[in-house]
There are 4 protein chains.
Amino acid sequence: MKKTFIIGVMGGGIAQPVDERNAYHLGSLIALEGWVLLNGGRNSGIMEASAKGAFENGGLTVGILPDDHDNRKSSYVSIPIITGMGSARNCINVLSSYVVVACPGGAGTLSEIALALKYGKKVILLDFNPGTGFDNYRKTGQLVFVKTPEEVIDTIKLLLF
Amino acid sequence: MKKTFIIGVMGGGIAQPVDERNAYHLGSLIALEGWVLLNGGRNSGIMEASAKGAFENGGLTVGILPDDHDNRKSSYVSIPIITGMGSARNCINVLSSYVVVACPGGAGTLSEIALALKYGKKVILLDFNPGTGFDNYRKTGQLVFVKTPEEVIDTIKLLLF
Amino acid sequence: MKKTFIIGVMGGGIAQPVDERNAYHLGSLIALEGWVLLNGGRNSGIMEASAKGAFENGGLTVGILPDDHDNRKSSYVSIPIITGMGSARNCINVLSSYVVVACPGGAGTLSEIALALKYGKKVILLDFNPGTGFDNYRKTGQLVFVKTPEEVIDTIKLLLF
Amino acid sequence: MKKTFIIGVMGGGIAQPVDERNAYHLGSLIALEGWVLLNGGRNSGIMEASAKGAFENGGLTVGILPDDHDNRKSSYVSIPIITGMGSARNCINVLSSYVVVACPGGAGTLSEIALALKYGKKVILLDFNPGTGFDNYRKTGQLVFVKTPEEVIDTIKLLLF
C-alpha cells in the first residue's frame, strides 16, 4: 500500500492577502505532490486559503475543527474531524502531521509551532518569524525558515527521501 | 461540491470471527456507497476488519488513534489522525461521524454508544446488544438494532434521504 | 505526606429528588472521611447535590467542567478545573478518581461507567442499574452494586485498606 | 462562600537552579496569600519547585498531569488531575487559571504562554523572555514582564482588586 503523507499547514484565522495567496499556492503544490493537506478546518484565513488551494487542485484536505459542530467549516475541507476540544485540537494537528508548516498567525499559530517542537516534529516557517524565543530550535535544525511555497516543498522532499 | 458522508464504525479491539466478518462486509458496503469510513484506527478487531473491508473496495478510511504514535495503526487506514488522548478520542469518533454504527465490543464500545447518544447522534447497533441500560434510547428511535450489514446501509439511507 | 483520596461521583445533570438526596448524603460522608470529592462540576442534578453535601461538611470539592468557562459551575465546587473539552472531560473524571461512584443518570453517566471500566477503575453503582450490557463487569467484581451511601463508604474502605 | 483564586505556574520540566529557587519562592508566596497553585503536576523542574514552595507553606496544590497514571507526580501536589492527554492538558492548565505565570522553559512553556494568550488570559513572565514573537501581546498589556516573585504577587493583586 502507498503511504499517505500528511502535511500540516498552520496559520492565522485572520491573515493578510499576501499570506493567503502563499497559503493557497502552498496548498496547490501539496495537492500536486499527491500529499494530504491537514489544517484547523475553519472557513477563514490561512485555513480557508490552504484548503482551497489543495482542493481546487485535486488534493485531499483534512480539517481538525476546534468546535463541536461544523458550522464554521471551510467548504474546501473534504474530511472534517470534529473534536469539540477548542485549542486542545492543536495537539492533534501537529501529532497527525508528518511535517508542520507555519504561515503567519497569532497566539494560536505560536502554540502550534511550540507544540510541534515539543512533540519532536520538524517545523517549516513560511515567511513567518515567530521571534527570538524559538532561536534554539533554529540552531538545531528542527525549525527552518523559507520564503516561498516552492521552498517548503523542496524542504519536505529533503526530509522524505 | 459533493458532501462527504462519514460513517463511524465502532466495536471491540478484540472480536469474534463472525463479528469481524460482519465488520469487513460493512466496510466494503460503505466504500461501495462512496461514503468515508471512520473508526478507532488500530490494527485489531473490528477496527482492522472494517478498515480492510472499506480499503479493499476502494474506500477512504479515517482512523482516530488514541496513541501519540502510529505503531498500532491498521495498514488499511488511509488517513490516520493521531490524538495522543487515549479514550478521550472516543468523543472525536462520534462527533465526526454522521451516524455511528456499533459492532460488538466491551467497555470502550459501550462508552462510544453512550457518548454518541449524549451528543445527539443516531446509533445503529449491528448484531450487538448493549443491554437494558440503553432501552430508553431505543424507545425514542435514536438507537436502532439491525442484524446485517445490508440493513445498516438501508438504515443510513433512510436517514440521509 | 498524607495521601489524598479522590472519590469520583458521577450521575445525571438532571436527577430525581431521591437521587439528589442520596448524592448529597454521599458527598457529606465522603467529606467526613477526609476524602476529596470529584465530579463534573456543574450546578445541577447529581453534580450540584454531591458537591453541596461535601462542601457543607467541610470537604474539598473538585469539579471537572466540560465548558471553557465557569458560568454553569456549582457554587459548592472549591476547585474548578475548566477543560473546554465537552464530554472528553469524562475521561479525566474517571482517570483522576481512585474509585468511581455512579448515581442514576443518562448517556453521560453510562459513558463514565464504561470509560472507568475501560481504564481499569472499580465502579460502585449507588442505587443505579446501567443494564445488562455491563453484566460481565459485575461478574468479575470490577463493578459492584449497593443501595445506600453508607454502603458506598464501606465498599471504598474495603478497597482502601 | 469565599472564592478560590487559582494561579497557574508554568515553566520547564528541566530548569536552572536559580529558576527553581524563584519558582519555590513564588509557590510559597502564592500559598501565603491563600491562593491555590496549579501547575503541570510532575516531579521535576519548575513543577516540582513551585509545588514544593506552596505545599511547604500550607498551600493547596493542583497538578494537571499529562500522563494516564501518577508515576511521575510531584509529591507536593495535593490534588492530582490525571488527564491522559499529553500536551493537550496545557489548555486545561491555562483555562483553569485566573492568571498564568510563566517561568523559564522550552517549547512546552512557550505553548502554554501562547494558549493562555489565545484564551484571553493575562500572562506574567517571571524573569523569562519568550522572544520577539510575543511583542504584540506585551504592547497591549496582556503579557507583562517582571523580575521577582514578589512582583508577580503585586501584579496579581492589581488584577484582583
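Just so you know, these numbers come straight off a predicted model, no measurement behind them.

Conventions used here
Residues numbered from 1 in each chain as written. Chains lettered and ligands numbered in written order. Predicted model: local features only at pLDDT ≥ 70, side-chain atom pairs only at ≥ 80, totals over all residues. Heavy atoms only, no water. Least-squares fit on C-alpha atoms with pLDDT ≥ 70 in both. Contact = heavy atoms within 4.5 Å. Helix = DSSP H or I, 4+ residues; strand = E, 2+ residues; numbered from the N terminus. Buried < 20%, exposed > 50% of the residue type's maximum accessible area, 1.4 Å probe, protein only. Buried area = accessible area lost by both parts, 1.4 Å probe. Polar contact = N/O pair within 3.5 Å; in protein donor to acceptor, adjacent residues only side chain to side chain. Nonpolar A, V, L, I, M, F, W, Y, C, P; charged D, E, K, R; others polar. Pairing = 2+ DSSP bridges. Axes fitted to C-alpha atoms, helices over the stretch in contact; angles between N-to-C directions. Salt bridge = Lys/Arg side-chain N within 4 Å of Asp/Glu carboxyl O. Parallel < 35°, antiparallel > 145°, perpendicular 65-115°, else oblique. Left-handed = near helix turned anticlockwise from the far one by under 90°. pLDDT = per-residue confidence, 0-100. Disulfide = S-S within 2.5 Å. Core = buried A, V, L, I, M, F, W, Y, C linked by side-chain atoms within 4.5 Å.

**Structural notes on the relation of the copies chain A and chain C**
Once chain A is rotated about the relating axis by 180° and shifted along it by 0.0 Å, it coincides with chain C to within an RMSD of 0.0 Å. Considering both components of the superposition, the chain copies are consistent with a two-fold axis. Of every C-alpha in chain A, the one belonging to A:M85 sits nearest the axis of rotation, 2.0 Å from it. Taken as a fraction of all interface residues of chain A, those also at the interface in chain C reach 100%, which identifies the copy contact as same-surface.

**Concerning the side chain of B:N22**
All names here are of chain B. Residue position: N22 is located in helix α1 (residues 17-32). Residue classification places N22 among the buried positions, given a relative accessible area of 17%. If near-sequence neighbours (up to four positions away) are discounted, N22 is found in contact with L126, D127, K147 and P149.

**Examining the interface of chain A and chain C**
Listed by partner, the interface residues are 4 residues for chain A and 4 residues for chain C. For the pair chain A and chain C, the two sides together bury roughly 220 Å², of which 65% comes from carbon and sulfur. On the chain A side of the interface with chain C, the three residues burying the most area are A:G84, A:M85 and A:A88, jointly 95% of the side's total. Counting every contact that joins chain A to chain C gives 0 residue pairs in polar contact (both at pLDDT 80 or more). For the side of chain A that touches chain C, the residue count by class is 2 nonpolar, 2 polar and no charged.

**Let's talk about the relation of the copies chain D and chain C**
The transform that puts chain D on chain C rotates by 180° and translates by 0.0 Å along the axis, for an RMSD of 0.0 Å. Here 96% of the interface residues in chain D have copies in chain C that are interface residues too; the copies meet face to matching face.

**Topic: the sheet that holds strand β4 (residues 79-82) of chain A**
All names here are of chain A. Spatial ordering of the open sheet is given by β4-β3-β2-β1-β5-β6-β7, a layout of 7 strands whose pairing is parallel. If you trace the sheet from one side to the other, it starts and ends with β4 and β7 (143-146), each paired once. Shown here is a sheet whose adjacent strand axes are inclined to one another by a mean of 25°, direction ignored. As paired strands, strand β1 (residues 6-10) and strand β2 (residues 36-39) are joined by 3 bridges and run parallel to one another. Note that in β2 the partner of I6 across the bridge is V36. Of the strands in this sheet, β1, β5 (99-102), β6 (123-126) and β7 are in contact with helix α4 (residues 107-118), which crosses β6 at around 150°.

**Re the interface of chain D and chain C**
On the chain C side, the residues contacting the 25 residues of chain D number 25 residues. Of the roughly 1900 Å² buried between chain D and chain C, counting both surfaces, carbon and sulfur atoms make up 75%. Seen at the junction of chain D and chain C, the total is 0 salt bridges. Applying the counting rule to chain D against chain C returns 4 residue pairs in polar contact (both at pLDDT 80 or more).

**So, the packing of α1(B) against helix α6 (residues 149-160) of chain B**
Residues and elements named next belong to chain B. Here α1 crosses α6 at 40°, and the two axes come no closer than 9 Å. When the axis of α1 is compared with that of α6, the two are oblique. The chirality of how α1 crosses α6 is right-handed. On α6, the residues that touch N22, H25, L26, L29 and I30 of α1 are P149, E150, V152 and I153. Looking at the contact of α1 with α6 residue by residue, the classes come out as 6 nonpolar, 2 polar and 1 charged.

**Focus: the confidence of the model for chain A**
The share of residues in chain A with pLDDT of 70 or more is 99%, and the mean pLDDT across the chain is 97. The complex model carries a pTM of 0.97, and its ipTM stands at 0.96.

**Focus on helix α2 (residues 45-55) of chain C**
Among the 11 residues in α2(C), 8 count as buried, and that is most of the element. Regarding α2(C), the residues found buried are C:G45, C:I46, C:M47, C:A49, C:S50, C:A51, C:G53 and C:A54.

**Notes on unusual backbone geometry**
Residue and element names in this part refer to chain A. Positive phi is not limited to glycine here, since D127 has a value of about 50°. Note on placement: D127 falls in the loop between β6 and α5 (135-140). What makes D127 partly exposed here is its relative accessible area of 28%.

**Comments concerning the state of the cysteines**
Residues and elements named next belong to chain B. Counting across every chain of the model gives 0 disulfides over all chains. C91 provides the cysteine sulfur closest to C103, a residue in no disulfide bond, and the two sulfurs are 20 Å apart. For C103, a relative accessible area of 1% corresponds to the buried category.

**Some details on the nonpolar core**
Judged by nonpolar contacts, the single largest core of 112 residues is most densely connected at A:I81, B:I81, C:I81 and D:I81. If near-sequence neighbours (up to four positions away) are discounted, B:I81 is found in contact with A:L38, A:V62, A:I64, A:I81, A:I92, A:S96, B:V62, B:G63, B:I64 and B:L65.

**Regarding the pattern of salt bridges**
Using the criterion set out here, one finds 12 salt bridges over all chains in the structure. Close ionic contact of A:E33 with A:K157 constitutes a salt bridge, the shortest N to O distance being 2.9 Å. Taken together, the residues A:E33 in the loop between α1 (17-32) and β2 and A:K157 in helix α6 (residues 149-160) connect sequence positions 124 residues apart. The salt bridge partner of C:D67 is C:R42, with a shortest N-O separation of 2.5 Å. In this pair, C:D67 is assigned in the loop between β3 (61-65) and β4 (79-82) and C:R42 in the loop between β2 (36-39) and α2, connecting sequence segments 25 residues apart. Take C:D67 and C:R42: they sit in the same class, and that class is buried.

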